[in-house]
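Structure at a glance
Residue-level listing of the chains:
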Amino acid sequence: MTNAITRLKWIFLGLFAFGVVAIWGYQIFYVWPAKRCEQQQRWWDGATRTCATPLYIPALTGRPPGVSREDWSKRQAAAQQQRDRLGERAVADQAPPAVKIEPKPAEKPVEAPASK
């Protein structure tokens, strides 16, 4: 009888130790990096464990913030047509055409659901 109790005691102690190690491993490799990434205002992808930097679209495209893609495309097309009509030299001497573009209200970015 004493052998069975001793054996069960070691089995449960081993299961407890394995559980503690598993919980600490999960915290170290998944939870802490995600929190660190979110504190830096970056995006965390739990599937690939990647911390990515969001890209600011106006910095890439050159269009002013708040201007829609359609309005900016129309403005660029008008400027290209003017360059085609007058030639590069005439356009370089002129000031760019004043196009009034009213920015659309900024939409609140969609937040990804928090993974548990």
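See the structure shown above.
This text gives an overview of the structure that appears in the document.

So, how was this worked out
- For every chain, the first residue of the written sequence is number 1, and numbering continues from 1 onward in sequence order.
- Only residues with pLDDT of at least 70 are given local features in this predicted model, and only at 80 or more are side-chain atom pairs given and counted; all residues enter the totals for whole chains, interfaces and linings.
- Excluded from the side-chain calculations are hydrogens and water; all other atoms, namely the structure's heavy atoms, are used.
- Only DSSP runs of H or I reaching four residues or more are called helices, and only runs of E reaching two or more are called strands; each is numbered from the N terminus.
- In this analysis, two residues are considered to be in contact whenever any of their non-hydrogen atoms come within 4.5 Å of each other.
- Accessible areas in this description were obtained via Shrake-Rupley with a 1.4 Å probe; residue shielding takes into account the shown protein chains only.
- Nonpolar side chains (Val, Leu, Ile, Met, Phe, Trp, Tyr) are joined into patches within 5 Å and like charges within 9 Å, using only residues with over 30% relative accessible area and no salt bridge.
- Salt bridge, as used here: a side-chain nitrogen of Lys or Arg that lies within 4 Å of a carboxyl oxygen of Asp or Glu.
- To sort residues, take the accessible area from a 1.4 Å probe on protein chains only and compare it with the maximum for the residue type: under 20% means buried, over 50% means exposed, and anything in between is partly exposed.
- Here, a disulfide means two cysteine sulfur atoms that sit within 2.5 Å of each other.

**What to know about the overall build of the protein chain**
Check the secondary structure of the protein chain and you find 4 helices and 2 strands. Its helices and strands taken in sequence order, the protein chain reads α-β-β-α-α-α from the N to the C terminus. In the protein chain, the share of contacts with a sequence separation of at least 24, taken over all contacts with a separation of at least 6, comes to 21%. Here the protein chain displays about 10,500 Å² of accessible surface, and carbon together with sulfur accounts for 61% of that area.

**Considerations on a nonpolar patch on the surface**
A cluster of nonpolar residues, Trp 10, Leu 13, Phe 16, Val 20, Trp 24, Tyr 26, Ile 28, Phe 29, Tyr 30 and Trp 32, forms a patch on the protein surface that exposes about 1,100 Å² of accessible area. By the element assignment, Trp 32 lies in helix α1 (residues 2-39). We classify Trp 32 as partly exposed; its relative accessible area is 38%.

**A look at the state of the cysteines**
For the coordinates displayed, the defined rule picks out 1 disulfide. Cys 37 shares a disulfide with Cys 51; S-S distance 2.0 Å. Negative torsions about the S-S bond denote left-handed disulfides, and the value of about 90 degrees found for Cys 37 with Cys 51 makes this one right-handed. Placement of the pair is Cys 37 in helix α1 and Cys 51 in strand β2 (residues 50-52), with a sequence separation of 14 residues. The buried category is assigned to Cys 37, whose relative accessible area is 2%.

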